[in-house]
Amino acid sequence: MPKSEHKRPVSRESRSSQNADDSPRPFLKWAGGKRQLLPRLRRFYPDQFGNYFEPFVGSGAVFFDLHARGLLKGRDALLIDNSQDLVGCYRAVRDQAEVLIRGLRTLAKERQSDPAVHYYDVRDRRFNPMRSHLRDQEPRPLADAYTPELAAMLIYLNRTGFNGLFRQNARGGFNVPVGRYVNPRICDAANLRNAAAALSRTRTRILLGDFSTVLGQAKVDDFVYFDPPYAPLSATASFTSYTSGGFGEEEQVRLQKVVIDLANRGCKVVLSNSTAPLIERLYERDETARRAGLSAHRVPARRAINSKASARGQVLEYIITNVPERGE
């Protein structure tokens, strides 16, 4: 990136520069999605930054928010995730949105006769077999072989499955049961087109990879937002099965080292996580993290992933960052 652009200030007035009707929103529900936390997170968007990196892109709420507010104009953006399905779906939306929209409309029409029967037919007789075939037969990674048909089924299952979860069993099969939705919005064609336009920015790349990939890419003044699977607040609260490998204490420790490395090299880092004792120890009580300039802010948020409605509601979460908080 040219040096003249690298530290260009972000214009706060650019927030209203784009018609709200054209602003993309996440097209997937994703455990831990950050739409409801955006008002808090915006207070830690840096005033100046170079390129943008999101190593756990998930629903992409922060990327789409930055795009809608004009804050990515003239900047490179790299979206990274280790989920083959997520990366494949993002690329299908970007590259073949109209084909995907037609597929979703067909699925929505088919569903009308018997939603539950149709859900399991799509999950067990179409989606999982097609994924399995591509994994076994294609020399390419599944993310590279993803088709618009498969992406349409993923969005359909995501919009109609229980709590919008994406969960795999030990064999890598999608195993979320049907949700209890009366009239879910399966095909939001306008938003899919807006998301495709955002993802089609010539300076946005979508990469399959581990979060540590960012270490080989990010430089001084770049903005990196991490939204990893949260550390569980209790032994029974864990949900990290976005992939069959999970995301445990070892990964959280490895992530902390990446965050500290980036902060020490002068990147603008923002991390979301739970207020679990492990995260408190790694960031709020760790001297190495403090020396890197990281501060841990506890903010209220709502949890909606628990299968028990009584266990959902407002909790405190961490925003861990070396970016000064902006006032209201």
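Given the structure is predicted, the values throughout are model-derived calculations rather than measurements. (Residues numbered from 1 in each chain as written. Predicted model: local features only at pLDDT ≥ 70, side-chain atom pairs only at ≥ 80, totals over all residues. Heavy atoms only, no water.)

### Here we look at the nonpolar core
Core analysis: the largest hydrophobic core is formed by 66 residues, its most contacted members being Phe 27 and Tyr 52. Per element, the largest residue contribution to this core is eight residues, and it comes from helix α8 (residues 148-160). With residues up to four places along the chain from it excluded, the contact list for Phe 27 reads Phe 64, Cys 89, Tyr 90, Val 93, Ile 155, Arg 159, Asn 191, Leu 192, Ala 195 and Leu 199. Formed by 30 residues, the second largest nonpolar core is a distinct cluster that contains Val 224, Ala 276, Tyr 283 and Leu 294. (Core = buried A, V, L, I, M, F, W, Y, C linked by side-chain atoms within 4.5 Å. Buried < 20%, exposed > 50% of the residue type's maximum accessible area, 1.4 Å probe, protein only. Helix = DSSP H or I, 4+ residues; strand = E, 2+ residues; numbered from the N terminus. Contact = heavy atoms within 4.5 Å.)

### Describing the side chain of Arg 91
Mapped onto the fold, Arg 91 is located in helix α4 (residues 84-95). Judged by relative accessible area, Arg 91 falls into the buried class, the value being 17%. There is a polar contact of 3.0 Å between the side chain of Arg 91 and the backbone oxygen of Ile 206. Dropping the residues within four chain positions of it, Arg 91 is found in contact with Gln 96, Ala 143, Asp 144, Ile 206, Leu 207 and Leu 208. (Polar contact = N/O pair within 3.5 Å; in protein donor to acceptor, adjacent residues only side chain to side chain.)

### Looking at the packing of helix α3 (residues 61-68) against helix α9 (residues 189-199)
Where α3 meets α9, the axes come as close as 11 Å, and the angle between the chain directions of the two elements is 80°. In terms of axis orientation, α3 runs roughly perpendicular to α9. Taken together, the residues of α9 that come into contact with α3 (itself represented by Phe 63, Phe 64 and His 67) are Ala 195, Ala 198 and Leu 199. Residue composition of the contact of α3 with α9, by class: five nonpolar, one polar and no charged. (Axes fitted to C-alpha atoms, helices over the stretch in contact; angles between N-to-C directions. Parallel < 35°, antiparallel > 145°, perpendicular 65-115°, else oblique. Nonpolar A, V, L, I, M, F, W, Y, C, P; charged D, E, K, R; others polar.)

### Observations regarding unusual backbone geometry
Unusually for a residue other than glycine, Asn 163 sits at a positive phi of about 60°. Here Asn 163 is to be found in the loop between α8 and α9. Given the relative accessible area of 24%, Asn 163 is considered partly exposed. Backbone geometry at Asp 221 places phi at a positive 75°, although glycine is not the residue there. Assignment of secondary structure puts Asp 221 in the loop between β3 (204-208) and β4 (223-226).

### Comments concerning the pattern of salt bridges
Inspection of the entire model under this criterion finds 23 salt bridges. Ionic pairing is found between Glu 325 and Arg 43, a salt bridge with its closest N-O pair at 3.0 Å. Of the two residues, Glu 325 sits in the segment after β7 (313-321) while Arg 43 sits in the loop between α2 (38-41) and β1 (52-54), which places them 282 residues apart along the sequence. Through salt bridges with shared partners, a single network forms among Glu 280, Glu 284, Arg 285 and Arg 298. (Salt bridge = Lys/Arg side-chain N within 4 Å of Asp/Glu carboxyl O.)

### Side note on the pairing of strand β5 (residues 268-274)
Within β5, seven of the seven residues are buried, which leaves the element mostly enclosed by the surrounding structure. Note that β4 and β5 share four bridges and pair parallel. Bridge pairing links Val 224 to Val 269 in β5. (Pairing = 2+ DSSP bridges.)

### Brief notes about the packing of aromatic side chains
To describe a pair of aromatic rings, you give the distance between the ring centres and the angle between the ring planes. Taken as a whole and assessed by the stated rule, the structure comprises 14 aromatic pairs. Pairing Phe 49 with Phe 223 gives two aromatic rings, centres 5.4 Å apart and planes at 65°, and the pair type is edge-to-face. Here Phe 49 is found in the loop between α2 and β1, whereas its partner Phe 223 is found in strand β4, with 174 residues between them in sequence. Note on Phe 56 and Phe 211: the rings are 5.4 Å apart at their centroids and 25° apart in plane angle, and the pair reads as stacked. Of the two residues, Phe 56 is situated in the loop between β1 and α3 and Phe 211 in the loop between β3 and β4; the sequence distance between them amounts to 155 residues. (Phe/Tyr/Trp six-rings, centres within 6.5 Å; stacked < 30°, edge-to-face > 60°.)

### Points about the confidence of the model for the protein
Residues with a pLDDT of 70 or more make up 86% of the protein, whose mean pLDDT is 88. When the criterion is pLDDT under 50, residues 11-19 qualifies, and its contacts beyond four places in sequence or with other chains add up to 15 contacts. Confidence over residues 238-244 falls short of pLDDT 50; this stretch has 23 contacts with residues more than four positions distant or in other chains. (pLDDT = per-residue confidence, 0-100.)

### Thoughts on helix α6 (residues 115-137)
The end-to-end C-alpha separation of α6 is 31 Å, in line with the 33 Å expected for 23 residues at 1.5 Å each. Within α6, the axis deviates most sharply at Arg 123, by approximately 30°. Along α6, the positions that sit buried rather than exposed are His 118, Tyr 119, Val 122, Arg 123, Phe 127, Asn 128, Arg 131 and Leu 134. Residues of α6 that are buried make contact with α4, α5 (97-111), α7 (142-145) and α8. (Expected span 1.5 Å × (residues − 1). Bend = angle between axes of the 7 residues up to and from the residue.)

### As for the environment of Asp 47
Locating Asp 47 in the fold gives a position in the loop between α2 and β1. Under the relative-accessibility criterion, Asp 47 is labelled partly exposed at 43%. Spatially, the C-alpha atom of Asp 47 lies 9.6 Å from that of Pro 324, the residues being 277 residues apart in sequence. A polar contact is formed between the side chain of Asp 47 and the side chain of Arg 326, at a distance of 2.7 Å.

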